[in-house]
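Tertiary structure, described
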Amino acid sequence: MTDAATETTSGTATGQTAGAVPILETHGLTMRFGGVVAVDDVDFSMAEGELRCLIGPNGAGKSTFFKCLTHQYKASAGRVRFRGTDITGSHTYQIARRGIGIKTQVPSVFDGLSVHENIWVAARRHHGRREANRIVDEILERLRLEGHARRVVGQLAHGERQRVELGTVLTGEPELILLDEPTAGMTHEEVNQTTDLIREINRTTSLIVVEHDMQFIKAIAERVTVFHQGAILIEDTMANLEKNQQVRDIYLGKQHAA
Amino acid sequence: MDTAALLIIEVLNGIASLALACAGLAIIFGMMRVINFAHGEFMMLGAYTTVVCTKTLGINIWISMLIISPIVVGIIGIIVERTFIRFFYGRMIDTLIATWGLSLLLIGIVTAIFGNIIEGVSAPMGSFEVGIYNVAQYRMVLIGIVILLFIGIFLVLTRTKLGLIARGTMQNPAQASVLGISTQRVYMVTFALGAALTGLAGGLLAPISQVIPTAGAAYVAQTFITVITGGTGAVTGTLVASGVFGTVRQLLSYEFTPVLGGVGLLIVAVVLLRLLPQGITGKIFRRSL
Amino acid sequence: MTVLGVNLRNWETWGTILVGIAMVVLLFAGPHIFDLFLLFKVTLFVAMAILALSMGFIWGYGGILCFGQSAFYGLGAYTYAIAVGNIGESTAPFLLAIVVPGAFAALLGYFVFYGRLSDVYLAVVTLAVTLILYNFMRSTAGEEYVIGAQRLMGFNGISSIQPINWPGDGSAWLLPDEIFHLAMFCLIACYFGLKLLNRSHFGRVAVAIRENELRAELLGYDVRLHKLQTFTIGGAMAGLAGCLGVNFNSFVNPDVFALNFAAEIIMWTLIGGLGTLVGPMIGCIGLLMLKFEIGQQQITNTYLIFGGIIMLFVLLVPAGLLPTARQLGERYLPMLRADGAGDGRGREAAQ
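1. Remarks on the overall build of chain C
If you tally the helices and strands in chain C, you get 14 helices and two strands. For chain C, the spread of C-alpha atoms along the three principal axes comes to 70 × 50 × 45 Å. Counting only residues that meet the buried cut, chain C has 50% of its 351 residues in that class. Of the contacts formed within chain C by residues at least 6 apart in sequence, a portion of 74% connects residues at least 24 apart.

Set out below in structure tokens:
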């Protein structure tokens, strides 16, 4: 446990001194399932502190890309670098310890445990008992979950479970957070709150957000990467993308039509 | 030369009896995902049916083994499914304890009726000679029966309406019931079919094994391990796994001791599953049945 | 319903205190209330209760369904028998009976967890290993199967095993009531040890992993290592149970590796209630007593009655004894609800 803490701290230190090193890079990242290429030779790079959105039609490979980054899938080819360190072969838990947090598409939480316990288990990995308790209260307040603290997560609504999951992720104070459809299943009001929350998180943390909700993307996005058939189609600002005919055809057009 | 021929017969016979013992479980556990801990006792019931029909009632042994045993155990299967098993669908671990109770009950009932020992049946037909060795003809016939049996199961599951409905229902009960299929009835019929196959196995193996109330225990572990190693394609997988295990067990038994044969089977199972965690059909024969 | 659920904290605390008092009372009163024959039997029950605890821990809290917990029990038993047969003084054999099964569990666990194998696989492999040991041990009747000075004796089993002695003096054998005390002490230590462990960071992570392995990994926990540790603790504890088990009648045979015994441990846990510690102990002692009782009625058929009772039980009390008792308790005794949601009548009744 102490090892992990030092590791994270030293990681931050290197990151600060070498500001030019991208926080995350992939080179030729490829994921094949039998004959299907879900992620196809992706070269991706983002700078420290950036908030990057990934968009693309269903099946474009965004979630698979995330799973390769966190080694939930073992990539067929290519490298992943985090702050210049090669993490391609690292285990999922090692990647998490290095400071990459992920909120998965289907909320991945401890369903049988209470909200408090969910976040406590996350917090306790980094901190002592007393400090962990303090941090849990802080996170509960930040995500407006205080009222649900004693409730079993499995009984909560989808949007609330999303927030619990986000809470467990934030607790580790990761340097990069991957958010896979953070607003899915949320009410309009919850989406607005999430927008604010993501902006707030981005003050201290780099973020990659996968979303389908275009309003939400427009509200938060700086740079947007468009995935299409497993590969990066284009990377630009949201404003430019909206003018791009190719993007409109394969993705935005359909969305607007729908 | 004679020894080689004998060995081949032995191996084929080992494969056949293992596959036979597994057939019903491949349906009930492999397809329906019901952990039937009473599988061995179903076999034992099949064996008792054959013994009683032949010895007490004087019915022809072939009719007893091939027709009466499966029918009797199939009917017992229906009764058990309707009154008991159906409450446990979808609760795998509870099924384990429920069928464990059932297995003890069945042993108890059989002991109460027939006592601890019963005079067994001997194998029909004589033997033939392979060089200096005598081989029971029945063992050869058994191999043939098992081959026909598996072809039959395969055809029923792939070519008949019943088979298709059963497979569809097992894969997606909700969708099946939306399509107007009575899933309850499908489960009942499938379970009965599995039970009947198990009864048939018990009947056919009765002449070449010990018939006592607790005989089932010898089969449970081996059959479950075989079906699990077989993987998702219940029938194909079971057949392939039986092939591998039967060969290993028989060769080791021949070369060393039957104990080592049993141990060898288990070790091969452990190694196979380590290499193919999804079972044989999970990796190699995907999309098979 | 949850194990760590705050709703149950009152239950938990009171339950633990009650169980603790009951066990300590039994520890001291046991030799006075039981005659010698009964004392032997109770000692065996206590050893089995430790085995049940180990299963309740790895399965109910760690989410690891091991079909061969009896293998570790048997290894503990055989390790003690063989070691004490060679050494003649029981301190080292006693410790070996914990260490060897623990190490074996670690090895097996490494094979399974680090191989990223499925849950079904663990069940099959542990069962297979248990049956391998069964087959092997049964075939060791010949004189060539000797470890040091101790023959393995095959299916006949090793008998006249020297009982545990006071540390350091190989001739000062423990008397039956002292062995009972030792077993009872071990049970209390295991129970409260596991209670503490479950409340600790380690225990909570174990439960978290049971709930969702992926999330635990994504939070930076090494799931493989954690499961390995849980499994090893369970194996060592089962080994301890085995060591105490042989001391009950100075005898061990390969039946400790038989399928029936392996299955029975699972049944104890399910009948008592998965996800609790007391439940498996209750299930274990309940089933054993039932078996003994039925066994004593010469006329009736053990299998018939035992099987029937289990079938009825699983139909009527599917959640297991302890969780069902909790549910009933919370429904009819509202003052026991930890969230204080009990109605006024309940409170008055409590006062």
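2. Re the overall build of chain B
Counting its regular elements, chain B contains twelve helices and two strands. Radius of gyration (C-alpha) of chain B: 19 Å, near the 19 Å computed for a compact globule of 289 residues. Projecting the C-alpha coordinates of chain B onto the three principal axes gives extents of approximately 65 × 45 × 35 Å. Of the contacts made within chain B by residues no fewer than 6 positions apart, 76% connect residues no fewer than 24 positions apart.

3. Topic: the sheet that holds strand β4 (residues 77-82) of chain A
Residue and element names in this part refer to chain A. In space, the four strands of this open sheet follow the order β2-β1-β4-β5, with antiparallel pairing throughout. Lying at the two open borders of the sheet, with one neighbouring strand each, are β2 (36-46) and β5 (85-86). Note that strand β1 (residues 24-33) and β4 share five bridges and pair antiparallel. Looking at the pairing, Leu24 lines up with Phe82 of β4. Across the face of the sheet, helix α2 (residues 62-69) comes into contact with β1, β2 and β4 while running at roughly 65° to β2.

4. Here's the deal with the sheet that holds strand β6 (residues 100-103) of chain A
Residues and elements named next belong to chain A. As summarised here, the arrangement of the six strands in space is β6-β7-β8-β3-β9-β10, forming an open sheet in which the pairing is mixed. The open sheet terminates on both sides in strands that have one partner only, identified here as β6 and β10 (231-237). Strand-to-strand twist of the sheet, defined as the mean angle between neighbouring strand axes without regard to direction, takes the value 20°. Where helix α6 (residues 158-171) meets the sheet, its contacts fall on β6 and β7 (176-180), and the angle it forms with β6 comes to roughly 175°. Along the sheet, helix α7 (residues 188-202) makes contact with β3 (51-55), β7 and β8 (206-210), crossing β8 at roughly 150°.

5. Examining the interface of chain A and chain C
The interface of chain A with chain C comprises 23 residues on the first partner and 20 residues on the second. Among the elements of the structure, α3 (92-98) and α4 (115-124) of chain A are those that each provide at least two residues to the side of chain A that touches chain C. Residues that form the side of chain A that touches chain C fall into these classes: ten nonpolar, seven polar and six charged.

6. Remarks on the interface of chain B and chain C
Contacts between the two partners involve 33 residues from chain B, matched on the other side by 32 residues from chain C. At the level of secondary structure, the elements contributing two or more residues to the side of chain B that touches chain C comprise α4 (92-114), α9 (217-230) and α11 (258-275) of chain B. Looking at which element gives the most residues to the side of chain B that touches chain C, the answer is α4 of chain B, with 15 residues.

7. Observations regarding the environment of Val24 of chain C
All names here are of chain C. For Val24, the position within the fold is in helix α1 (residues 9-33). With 13 C-beta atoms counted inside 10 Å, the residue Val24 sits in the partly exposed group. For the pair Val24 and Met184, spaced 160 residues apart in sequence, the C-alpha separation works out to 8.3 Å.

8. Some words on the pairing of β2 of chain A
Residue and element names in this part refer to chain A. The pairing of β1 with β2 spans seven bridges and is classified as antiparallel. Each bridged residue has a counterpart across the sheet, and for Phe33 the counterpart in β2 is Val36. Taken together, β1 and the strand that follows it, β2, pair antiparallel across an intervening segment of two residues, in which Gly34 is found at a positive phi of about 60°.

9. So, the environment of Ala92 of chain C
Residues and elements named next belong to chain C. Following the sequence through the fold, Ala92 ends up in helix α4 (residues 91-113). Separated by twelve residues in the primary sequence, Ala92 and Tyr80 place their C-alpha atoms 8.8 Å from one another. In contact with Ala92, other than residues within four places in its own chain, are Ala83 and Ile87.

10. Digging into the arrangement of the chains
Contacts between protein chains span two pairs of chains, and they are most numerous for chains B and C. With no contact formed, the shortest span from any C-alpha in chain A to any C-alpha in chain B equals 12 Å.

11. Here's the deal with the confidence of the model for chain C
Residues and elements named next belong to chain C. Per-residue pLDDT for chain C has a mean of 85; in total, 91% of the residues score no lower than 70. Under a pLDDT of 50 for its full length, residues 1-7 has, in the predicted model, 18 contacts with residues more than four places off or in other chains. Counted against residues more than four places away or in other chains, residues 338-351, with its pLDDT under 50, gives 17 contacts. This complex was scored by the predictor with a pTM of 0.85 and an ipTM of 0.85.

12. Some thoughts on the nonpolar core
Ranked by size, the top nonpolar core spans 269 residues in total, and within it Ile50, Leu53 and Ala128 of chain C carry the most contacts. Of the residues forming this core, the biggest block, 15 residues, is contributed by helix α1 (residues 2-31) of chain B.

13. Side note on unusual backbone geometry
Phi angles above zero are rare outside glycine, and Asp41 of chain A is one such case at about 50°. Note that Asp41 of chain A resides in strand β2. In this structure, Ser250 of chain C takes a positive phi of about 55° despite not being glycine. Within the secondary structure layout, Ser250 of chain C lies in the loop between α9 (223-249) and α10 (259-272).

Procedures and definitions
- Residues numbered from 1 in each chain as written.
- Chains lettered and ligands numbered in written order.
- Predicted model: local features only at pLDDT ≥ 70, side-chain atom pairs only at ≥ 80, totals over all residues.
- Helix = DSSP H or I, 4+ residues; strand = E, 2+ residues; numbered from the N terminus.
- Buried ≥ 20, exposed ≤ 12 C-beta atoms within 10 Å, placed from the backbone.
- Contact = placed C-beta atoms within 7 Å.
- Rg over C-alpha atoms; globule rule 2.2 N^0.38 Å.
- Pairing = 2+ DSSP bridges.
- Axes fitted to C-alpha atoms, helices over the stretch in contact; angles between N-to-C directions.
- Nonpolar A, V, L, I, M, F, W, Y, C, P; charged D, E, K, R; others polar.
- pLDDT = per-residue confidence, 0-100.
- Core = buried A, V, L, I, M, F, W, Y, C linked by C-beta atoms within 7 Å.

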